Amino acid sequence: MDTSFAEAEKHSRQQRMTDASAYSAHMQEAMRYNRLSSADYSLVMAILHAISEGETEEQWKEQQQRRKILHLPSSESDVSSLAADDEHKQLVLRLKDLLLWPW
């Protein structure tokens with residue numbers, strides 16, 4: 001039983017490293033062609049870290065909100081939250097276009 005768990009954990013670590021390596025390659029390509037803005041760089045590095053740790057999108061969002069890196073819209077229906085919601089959607093679309101949104 002312990003051997004099976006250890007093998008599963010090893011496979012999981014290998015998969016996370018494979019995923020992180022692939023993400024890093026996409027990141028390097030975007031940087032090479034000046035498609036990754038400097039404003040998005042810290043966010044992309046945070047995503048790379050999340051991938052290497054095997055985090056889900058929800059875990060990553062919670063962590064980023066605690067660190068104040070990611071500003072997600074609140075549930076209030078005021079104008080600023082609508083603008084923040086639109087800004088977040090644009091960010092996700094931009095990162096998806098660069099193959100840098102893994103979820």
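Residues numbered from 1 in each chain as written. Predicted model: local features only at pLDDT ≥ 70, side-chain atom pairs only at ≥ 80, totals over all residues. Heavy atoms only, no water.

Caption draft 1: Quick look at the overall build of the chain. Counting secondary structure elements, the chain contains four helices and zero strands. Secondary structure elements in the chain, listed N-terminal to C-terminal, are α-α-α-α. Classification of the 103 residues of the chain by burial places 28% in the buried group. Considering only contacts within the chain whose residues lie at least 6 apart along the sequence, 61% involve residues at least 24 apart. Carbon and sulfur atoms form 51% of the exposed surface of the chain, whose accessible area is close to 7,300 Å². (Helix = DSSP H or I, 4+ residues; strand = E, 2+ residues; numbered from the N terminus. Buried < 20%, exposed > 50% of the residue type's maximum accessible area, 1.4 Å probe, protein only. Contact = heavy atoms within 4.5 Å. Areas by Shrake-Rupley, 256 points an atom, 1.4 Å probe, with all protein chains shown as cover.)

Caption draft 2: Seen up close, the nonpolar core. Formed by 19 residues in total, the largest nonpolar core has its most connected members in Y23, L95 and L100. For this core, the secondary-structure elements that each account for two or more residues are α1 (2–32), α2 (38–53) and α4 (79–97). Ranked by residues supplied to this core, first place goes to α2 with seven residues. (Core = buried A, V, L, I, M, F, W, Y, C linked by side-chain atoms within 4.5 Å.)

Caption draft 3: Spatial organisation of the pattern of salt bridges. Here the structure, examined in full by the defined rule, presents three salt bridges. With a shortest N-O distance of 3.1 Å, R35 and D97 are connected by a salt bridge. Remark: D97 occurs in helix α4 and R35 occurs in the loop between α1 and α2; sequence separation between them is 62 residues. By relative accessible area, which is 54% here, D97 ends up exposed. Here R94 makes a salt bridge to D40, at a shortest N to O gap of 2.9 Å. One end of the pair, R94, is in helix α4; the other, D40, is in helix α2, with 54 residues separating them in the sequence. (Salt bridge = Lys/Arg side-chain N within 4 Å of Asp/Glu carboxyl O.)

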